[in-house]
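Commentary on secondary and tertiary structure
Single-letter residue listing:
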Amino acid sequence: MRRPTVLLFDIDGTLVTTGGVGRRAIERAFHRCHGRPDACSLIRFDGMTDRSITRLALQAIEVEVTESGIDTLLEVYIAELEAELRASPPDNYRVHHGVDRAIDAARERGMALGLGTGNVLEGARLKLQHVDLYRHFSFGGFGDDHELRVELIRRGAERGAEKLGKKLDECRVVIIGDTPKDVDAARGIGAESIGVGTGSFSAAALREHGATYAFDDLTAPGALTALLGD
Ligand SMILES: [Mg+2]
């Protein structure tokens, strides 16, 4: 019999390409809160959590970092993200090939479909509602659960097991992501990882980094089989 399975999907570069709405929104938040739209200019966002991006950017502009300072910035970020999404041209914002089919197939098999993302929950909701994907995901590990990706992935996996009414060690857990950080987080909790070359890293680079499987996208031969564990 198939093991109960928890899938945790990353968002940016994995489910969707957003045309940079998240970066623009956090830059505007830094502009509004600190007059420094350039605070994030040296920070690479791929695979990072929202809180760690915010912390690094505060350090970059030499503002004392406090948890409440990060909270305030992230609240403003959410408001700016809503505005960015309203203004975003549809051509720049799209769901990656194979995502819809993968979601349908996993659902048909009764798998727990969740998110494993550095986005704070509200940001994840906004980004996915924009393309009508959010309704498929009833739980996840988010950027407000923990600043470290491995820990938020762990929370997501625990919630997925709860959804299935199983203990976590009875479940197969699969992390689907587009960066080496997704692969590392999966390894950190003993989960499988599927790397997708739809973000800034190629499938080959993700495979080399130790992904259990890696594909150009979820339409590639073998991708669905790897996901479903058939
Ligand atoms: Mg990503």
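Above: the structure in question.
Right, let's walk through the structure included here.

What counts, and at which threshold
Along each chain, residue indices are assigned from 1 in the same order as the chain's sequence is written. Restriction of local features to residues with pLDDT of at least 70 applies here, the model being predicted, together with a cutoff of 80 or more for giving and counting side-chain atom pairs; totals for whole chains, interfaces and linings are based on all residues. Side-chain measures were taken over the full set of non-hydrogen atoms in the model, leaving aside hydrogen atoms and water. Any two strands between which DSSP finds at least two bridges are classified as paired. Only DSSP runs of H or I with at least four residues qualify as helices, and only runs of E with at least two residues qualify as strands; both kinds are numbered from the N terminus onward. Here an angle of 0 to 180 degrees is reported between the N-to-C directions of two axes, which are lines fitted to C-alpha atoms, with helices fitted over the stretch in contact. Throughout, a contact is declared for two residues whenever any of their heavy atoms are within 4.5 Å. Polar contacts, as counted here, are pairs of nitrogen or oxygen atoms within 3.5 Å of one another; within protein the pair requires one atom able to donate a hydrogen and one able to accept it, and residues that are adjacent in sequence qualify only if both atoms are side-chain atoms. For Na, K and Ca the donor cutoff is 3.2 Å, while for all other metals N, O and S atoms must lie within 2.8 Å; water is not among the atoms, so some sites may look incomplete. For every residue, the accessible area (1.4 Å probe, protein chains only) is compared with the maximum for its type, and the residue is labelled buried under 20%, exposed over 50%, or partly exposed between those bounds. Side-chain atoms within 4.5 Å are what join buried Ala, Val, Leu, Ile, Met, Phe, Trp, Tyr and Cys residues into a set we call a nonpolar core. By salt bridge we mean one thing: a side-chain nitrogen of Lys or Arg within 4 Å of a carboxyl oxygen of Asp or Glu.

Strand-to-strand pairing in sheets goes through backbone hydrogen bonds, with the strands running parallel or antiparallel. Here six strands make up an open sheet; going across it, the order is β5-β4-β1-β6-β7-β8 and the pairing parallel. Every interior strand has two partners, whereas the edge strands, β5 (139-141) and β8 (213-215), have only one. Within the sheet, the average angular offset between the axes of one strand and its neighbour, ignoring direction, is 25°. Relative to strand β7 (residues 192-196), strand β6 (residues 172-177) runs parallel, the two being bridged by four bridges. Opposite Gly177, over in β7, you have Gly195 as the bridge partner. Contacts from helix α6 (residues 149-164) reach β1 (5-9), β4 (112-116), β5 and β6 within the one sheet, and its direction differs from that of β5 by about 155°.

Moving on, we get to the side chain of Lys127. As for its position among the elements, Lys127 is in helix α5 (residues 121-129). Polar contacts involving the side chain of Lys127 include one to the side chain of Asn119, which spans 2.9 Å. Not counting chain neighbours up to four residues away, the residues in contact with Lys127 comprise Ile11, Asp12, Thr18, Gly22, Tyr77, Leu81, Leu85, Tyr93 and Asn119.

Glancing now at the coordination of the magnesium ion. For the magnesium ion, the protein coordination sphere consists of Asp10 (OD), Asp12 (O) and Asp178 (OD), at 2.2 Å. Donor residues binding the magnesium ion come from one chain and are separated in sequence as D-x1-D-x165-D. Of this pair, Asp10 sits in the loop between β1 and β2 (16-17) while Asp178 sits in the loop between β6 and α7 (180-188), and the two are 168 residues apart along the sequence. Here Asp10 matches Asp178 in class, with each residue buried.

A few words now on the side chain of Thr18. With respect to the element layout, Thr18 can be found in the loop between β2 and α1 (21-34). For Thr18, a relative accessible area of 9% translates into the label buried.

The subject of this paragraph is the nonpolar core. Among the nonpolar cores identified, the biggest contains 30 residues, and Leu7, Phe9, Leu15 and Leu227 are the most heavily contacted of them. Residue assignment for this core shows that the elements contributing at least two residues are β1, α4 (99-108), β4, α5, β6, β7 and α9 (223-228). Not counting residues up to four positions away in its chain, the partners in contact with Leu7 are Ala106, Met111, Ala112, Leu113, Gly114, Phe139, Val174, Ile176 and Leu227. By size, the runner-up hydrophobic cluster in this structure holds 25 residues, among which are Ala25, Leu58, Ile61 and Tyr77.

Moving on: the pattern of salt bridges. Tallied over the full model, the rule gives 21 salt bridges. A salt bridge links Lys127 to Asp12; its shortest N-O distance comes to 3.0 Å. Placement of Lys127 in helix α5 and of Asp12 in the loop between β1 and β2 is noted, with a sequence separation of 115 residues between them. Among the residues examined, Lys127 registers a relative accessible area of 4% and is labelled buried. Judged by relative accessible area, Asp12 falls into the partly exposed class, the value being 27%. One salt bridge in this structure joins Arg135 and Asp132, with 3.1 Å as the shortest N-O distance. With relative accessibility at 45%, the residue Asp132 sits in the partly exposed group. Connected through salt bridges with shared partners, the residues Arg24, Arg28, Arg32, Glu80 and Glu84 form a single ionic network.

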